[in-house]
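Commentary on secondary and tertiary structure
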Number of protein chains: 2
Amino acid sequence: MLMHVVNVNKDVLKANNEIAQSNRKLLIRNRVFTMNIMGAIGSGKTTLIEEAINALGDHYRIAVIAGDVVAEMDASRFERLGVRTVAANTGRECHLDARLVERSLADLDLKNIDILFIENVGNLICPVDYKLGERVRVVIVSVSEGDDTVMKHPMIFKSSDLAIVNKVDISEAVDADPAKMKADIKQLKPSIPVLLTSKNDRISIDRWIEYIESYIEE
Amino acid sequence: MLMHVVNVNKDVLKANNEIAQSNRKLLIRNRVFTMNIMGAIGSGKTTLIEEAINALGDHYRIAVIAGDVVAEMDASRFERLGVRTVAANTGRECHLDARLVERSLADLDLKNIDILFIENVGNLICPVDYKLGERVRVVIVSVSEGDDTVMKHPMIFKSSDLAIVNKVDISEAVDADPAKMKADIKQLKPSIPVLLTSKNDRISIDRWIEYIESYIEE
Ligand SMILES: Nc1nc2c(ncn2[C@@H]2O[C@H](COP(=O)(O)OP(=O)(O)OP(=O)(O)O)[C@@H](O)[C@H]2O)c(=O)[nH]1
Ligand SMILES: Nc1nc2c(ncn2[C@@H]2O[C@H](COP(=O)(O)OP(=O)(O)OP(=O)(O)O)[C@@H](O)[C@H]2O)c(=O)[nH]1
Ligand SMILES: [Mg+2]
Ligand SMILES: [Mg+2]
Ligand SMILES: [Zn+2]
Ligand SMILES: [Zn+2]
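Here we summarise the structure given alongside this text. (Residues numbered from 1 in each chain as written. Chains lettered and ligands numbered in written order. Predicted model: local features only at pLDDT ≥ 70, side-chain atom pairs only at ≥ 80, totals over all residues. Heavy atoms only, no water.)

**Brief notes about the relation of the copies chain A and chain B**
Test applied: Least-squares superposition aligns the copies on the C-alpha atoms of those residues with pLDDT at or above 70 in both.
Placing chain A over chain B gives an RMSD of 0.0 Å and needs a rotation angle of 180°, together with 0.0 Å of translation along the axis. Here the symmetry operator amounts to a two-fold rotation axis.

In structure tokens, the structure reads:
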């Protein structure tokens, strides 16, 4: 029974990978730099994308695909900032897949986009397996999930290009040690850059923005 | 493609429901009161089960099935309290299913258990569809996920018997309004009891314990 499910998933993942490849080619052809923003529920994905839009919106043409199960709340937060936004509702699925992104891309004028943020569904498990066509994968956790969160979800850190530990301003209130979380991430994947951020600490947000720009300039 | 996945899920869910039914019968026959503790990543599931064990462990024989993707960290927290614990690792799945619970039950001496807590994987989406054989479903979110979390995940609140908004002690630090979250839950499901809790507020924890006892006395 469990094996049956696993077999099905393999086919599903293979089909997903093929669509992700074609998304990727389409994005490269149109010179759209694309980030898949994964992370825990409420860890600060929308907040950090909003900060990036505020900081980079004058220099780059930005669009967002906002993944959510049923709601369009994050999508309207992005629209309020004046960026082109597609609300991608997964229905019952706990992750975005390449097909849903393919459909969302069809709604975007890719020739006139420099940066595309894809906000994934809050989940540290399934998004690992579903490539979307992105250039860079970011994983965001916050101190308030507890400082054992990293070691409980090794795969997502191993599969990401950049890791962010957010809400460090409330570390004490939730008995969490952000330095331990950073060390855990580095142990899982020594090569990954790790940012400690707080929306209330401008310097930490600037560092996040610099990372995005450094990828674009590559 | 998307439809294919949905069809597969229907078969999987049907099979799951049948095993859940048989788990339920087994638990009733052995007079084990069982709670499925669902909730967001790091929302306080383990903490609230620990509090219940501390408060009820002298009067009831308690066991725990601790669901996690790969780690056994929560399981060892429960073992430290001296209760019988089964670590149920899902591998790549983002939720417990009835089959995994069936296997875990086989490792427990059900005749000598009064209360069984099943800690589900941190996820507000998939656990909704996978019944395990439980008597009572609890959903836990915390203020730190943001006070729009409820309306983003209506299904899990509609399918639960008790809802908890935890970490109300840090509401201000994360700009969240727990009263709004409670009102949202009541709007989704008027009949559901909603508890606002903080591990640092003894009275709120006592109310959670009283709820558990009231179910047992039914
Ligand atoms: N204290 C503090 N709160 C933060 C920080 N970043 C985000 N928050 C708060 O955390 C809550 C969730 O933030 P979001 O940006 O909506 O998180 P998200 O990951 O997009 O959430 P979902 O899309 O629902 O999974 C909101 O109430 C934010 O105000 C931070 O650095 N410090
Ligand atoms: N401030 C505050 N922190 C809390 C409260 N409840 C739990 N925490 C902290 O939140 C973090 C996560 O708590 P856990 O009980 O491990 O949460 P969980 O839902 O079991 O987490 P996972 O099993 O990893 O999904 C820990 O650091 C706890 O100390 C609370 O009421 N207030
Ligand atoms: Mg969001
Ligand atoms: Mg836990
Ligand atoms: Zn999934
Ligand atoms: Zn799932």
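There's plenty left to go through after this.
**What to know about the coordination of the magnesium ion (ligand 4)**
All names here are of chain B. Where we set the bar: Coordination shells were defined by N, O and S atoms within 2.8 Å of each metal, extended to 3.2 Å for Na, K and Ca; water is absent from the atom set, which can make sites look incomplete. Secondary structure elements follow DSSP: runs of H or I no shorter than four residues count as helices, runs of E no shorter than two count as strands, and numbering proceeds from the N terminus. Exposure classes here rest on a 1.4 Å probe applied to the protein chains alone. A residue is buried below 20% of its type maximum, exposed above 50%, and partly exposed in between.
The protein atoms that coordinate the magnesium ion (ligand 4) are Thr46 (OG1), Asp74 (OD) and Glu119 (OE), at distances of 2.1 Å. Each donor residue of the magnesium ion (ligand 4) belongs to the same chain, and together they define the spacing T-x27-D-x44-E. Taken together, the residues span a long stretch of sequence, with Asp74 in helix 3 (residues 73–80) and Glu119 in strand 4 (residues 115–119) at a distance of 45 residues. On the accessibility criterion, Glu119 (3% relative accessible area) is buried.

**Section: helix 7 (residues 178–188) of chain B**
Residue and element names in this part refer to chain B. As a reminder of what qualifies: To be clear, the arc concerns the directions from the helix axis to the C-beta atoms. By definition, residues are in contact when any of their heavy atoms lie within 4.5 Å. N or O atoms closer than or at 3.5 Å make up a polar contact, with two conditions inside protein: a donor-capable atom paired with an acceptor-capable one, and, for residues adjacent in sequence, both atoms drawn from side chains.
Within helix 7 the residues assigned to the buried category are Pro178, Met181, Asp184, Ile185 and Leu188. Angularly, the buried residues of helix 7 cover 115° about the axis, an arc narrow enough to put them on a single face. Opposite the packed face of helix 7, turned more than 90 degrees from it, sit the exposed residues Ala179 and Gln187. Tucked into the core, helix 7 has its buried residues touching strand 5 (136–142), helix 5 (149–152), helix 6 (154–158), strand 6 (162–166) and strand 7 (194–196). Where helix 7 begins, one side-chain oxygen reaches toward the backbone nitrogen of Ala179, 3.0 Å away; that side chain belongs to Asp177.

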